Amino acid sequence: MSRALSNLQIDSGRLWGMIHETAQFGATPKGGVRRLTLSLEDKLVRNWFRSACEAAGLEVQIDALGSMFAVRRGRDMNKPPVGLGSHLDTQPSGGKFDGVLGTLAALEVVRTLNDAGIETDAPLCIVNWTNEEGSRFAPAMMASAAYVGDFSTGDILSRKDAEGLTVGEALQAIGYRGDTPVGAQRLGTFVELHIEQGPILEAEQKTIGVVESGQGVLWYDGKITGFESHAGSTPMRLRRDALATLSEIVLAVEYIAKKHGPNAVGTVGEAVIAKPSRNVIPGEIAFTMDCRSVDEATMDALDGDLRAAAAEIAARRKVEVRLELIWRKAPTHFDPKIVEAVENAAELLGYSHRRITSGAGHDACNLNTKIPSAMVFVPCKDGVSHNELEDATQADCAAGANVLMHTVLALAGVAS
Ligand SMILES: [Zn+2]
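The rules behind each value
Residues numbered from 1 in each chain as written. Predicted model: local features only at pLDDT ≥ 70, side-chain atom pairs only at ≥ 80, totals over all residues. Heavy atoms only, no water. Helix = DSSP H or I, 4+ residues; strand = E, 2+ residues; numbered from the N terminus. Rg over C-alpha atoms; globule rule 2.2 N^0.38 Å. Buried < 20%, exposed > 50% of the residue type's maximum accessible area, 1.4 Å probe, protein only. Contact = heavy atoms within 4.5 Å. Areas by Shrake-Rupley, 256 points an atom, 1.4 Å probe, with all protein chains shown as cover. Lys, Arg positive; Asp, Glu negative; His and termini not counted. Charge placed at Lys NZ, Arg CZ, Asp CG, Glu CD. 1 Å grid on protein atoms, 1.4 Å probe; cavity = no way out; pocket = protein on both sides within 12 Å on 5 of 7 lines; lining within 4 Å. Points joined across faces, edges and corners; volume = space filled by probe spheres on them. Donors = N, O, S within 2.8 Å, 3.2 Å for Na, K, Ca; no water.

Trainee: Please clarify how the overall build of the protein chain should be interpreted in this entry.
Mentor: Regarding its fold elements, the protein chain presents 13 helices and 15 strands. Relative to the globule expectation of 22 Å for 416 residues, the C-alpha radius of gyration of the protein chain, 23 Å, shows essentially globular dimensions. Expressed as a percentage of its 416 residues, the buried residues of the protein chain come to 54%. Look at the contacts in the protein chain between residues 6 or more apart in sequence, and 81% of them connect residues 24 or more apart. Total accessible area on the protein chain stands at roughly 17,700 Å², and carbon and sulfur atoms take up 51% of it. Charge separation in the protein chain, taken as the distance between the mean sites of 41 positive and 53 negative side-chain charges, equals 4 Å.

This is the structure:
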């Protein structure tokens, strides 16, 4: 690589400006963003993004699930494009950086290459994936999953939000039901820049996380059936208390995740008493469990231990505990060549870096099942994300965008 090229840097102020400009679409009073997928705010940010991509000379296509693909021509249009991007939707009370950084940094990379007059061999393709967050429509990351064939387009289009509106209707309403068939836009590789959403890089004062893996996920729906009875007149030894049972299960999940640590986490995130009343012993509770590990064998061990613990607690307390595994996602092991390209770019630019596992799910994890992929992480303040207080520094955002750019240049090839 020539000296001039290895010194190429993105425009940090321009990237920072874009992040703050788009944060106006769905801005919350505390400085966060509320931009649920396929909402009016999502339409506005998509319109902004499409105009910005077209102004940068990109050809924008929308697929049948609303994902946006913006192609920058390469010297050899027979080569599949190098994909880069993330998502522009947010949690109901989300931050300015989650997803946004990776999508806008991709645009900034293209603007920088345009300004420097650099043509790549393979084309580049910026992607804004529909519904990464999964808070309005389930499942999360549905568009990238459909892109690699894990779901049919029709299945995803028929998914409903809490109001009963389908994905298809919501796409229609904001004008983003495109005509490109899902999966038709080719991608040769994919690189996603994202904030870490965890505390490791900040604690170790590293600028770049070279993401080599992502955790596998186990999701359960649970139901406890005990017996409702009078809180005053039922002796303690005769109770079949669903909430006391759940309390034991919550602590068992915590104990089991710690036992299989450090590469395991477990959470009971939701619990609903069917007919709550101050003076009734709870008889029925629905709850959810989320367990994760980067190691498939550990996932099996978690599953086995959780089921054994639930059965033991149920038998002892004479209640019924049903655990249904509703989703199992295998751990992600990103493509070694793409991971190496990210590491080389961080090294070339002189940023401190370390290899890291993603605790959260990302579109790049879905894509990696079919397309060689990897991710770049930058630190976020106190590891906080999915929160209006989410924050990252301008310098770290720029560093991540520079690593993204040099990774993409290495993958796409530059004529000498
Ligand atoms: Zn995200």
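Trainee: Before we go on, may I ask you to explain empty space enclosed by the protein in this structure?
Mentor: Picture a little ball the size of a water molecule; that probe, rolled over the atoms, points out where space is still empty. By the definition in use, this model includes two cavities of 30 Å³ or more. The calculated volume of the largest cavity comes to roughly 60 Å³. Lining the largest cavity are Ile249, Ala252, Val253, Ile256, Met289, Leu306, Ala309, Ala310, Ile313 and Leu323. Only helix H9 (242-259) and helix H10 (296-317) provide two or more residues apiece to the lining of the largest cavity.

Trainee: I would appreciate a short explanation of the coordination of the zinc ion in the present structure.
Mentor: Geometry sets the ideal angles at a metal, namely 109.5 degrees for four tetrahedral donors and 90 or 180 degrees for six octahedral donors. Note on the zinc ion: its protein donors are His87 (NE2), Asp98 (OD) and His194 (NE2). The metal-donor distances range over 2.0 to 2.2 Å. Donor residues for the zinc ion, ordered by position in the chain, follow H-x10-D-x95-H. Placement of His87 in the loop between strand E3 (82-86) and helix H4 (100-116) and of His194 in strand E5 (residues 189-195) is noted, with a sequence separation of 107 residues between them. The class of His87 is buried, set by a relative accessible area of 0%. Under the relative-accessibility criterion, His194 is labelled buried at 1%.

Without other data, these values stay purely geometric and don't point to any function.
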